[in-house]
Amino acid sequence: MTDFALQLAALEEDKVTPGLLGFTVVALLAMATWLLLRSMNKQIRRVNFEEPPPRRDVPTQRDDTPDDPSNPESAAAPGDETSDTRETQDNGAK
């Protein structure tokens, strides 16, 4: 306890300390942060996200026939790199 008393005695009057005002500001900021987090958690719990089922209305055709180069429909699949007609940008991205 004597160390604490020595520290209090060592305080000079011209030094600035946070005091009651500093404590009040920090306490109010902490309380506001706690209230915002509590409100955010309440709002997040209310979110009801359900992923829609995959669409099944688009029929897919599968042909087991070999690709015929003279047939334009069998040239390349839509995701194939050879059927990509977009231009390349300066940075290399399509």
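Structure shown above.
First, a word on what this report is: a plain description of the structure on this page. Please read these numbers as outputs of a predicted model, since none were measured by experiment. (Residues numbered from 1 in each chain as written. Predicted model: local features only at pLDDT ≥ 70, side-chain atom pairs only at ≥ 80, totals over all residues. Heavy atoms only, no water.)

A separate point is the overall build of the protein chain. The helix and strand inventory of the protein chain stands at 2 helices and 0 strands. Burial analysis of the protein chain (94 residues in total) assigns 1% to the buried set. Of the accessible surface of the protein chain, which amounts to about 10000 Å², a share of 57% is contributed by carbon and sulfur atoms. (Helix = DSSP H or I, 4+ residues; strand = E, 2+ residues; numbered from the N terminus. Buried < 20%, exposed > 50% of the residue type's maximum accessible area, 1.4 Å probe, protein only. Areas by Shrake-Rupley, 256 points an atom, 1.4 Å probe, with all protein chains shown as cover.)

Turning to a positive patch on the surface, a few remarks are in order. A surface patch of positive charge is lined by Arg-38, Lys-42, Arg-45 and Arg-46. Relative to the helices and strands, Arg-45 resides in helix α2 (residues 19-46). (Patch = residues over 30% accessible without salt bridge, like charges linked within 9 Å, V, L, I, M, F, W, Y side chains within 5 Å. Salt bridge = Lys/Arg side-chain N within 4 Å of Asp/Glu carboxyl O. Lys, Arg positive; Asp, Glu negative; His and termini not counted. Charge placed at Lys NZ, Arg CZ, Asp CG, Glu CD.)

Moving on to a nonpolar patch on the surface. Residues Leu-21, Val-25 and Leu-29 make up a contiguous nonpolar surface patch of roughly 320 Å² in combined accessible area. Within the fold, Val-25 resides in helix α2.

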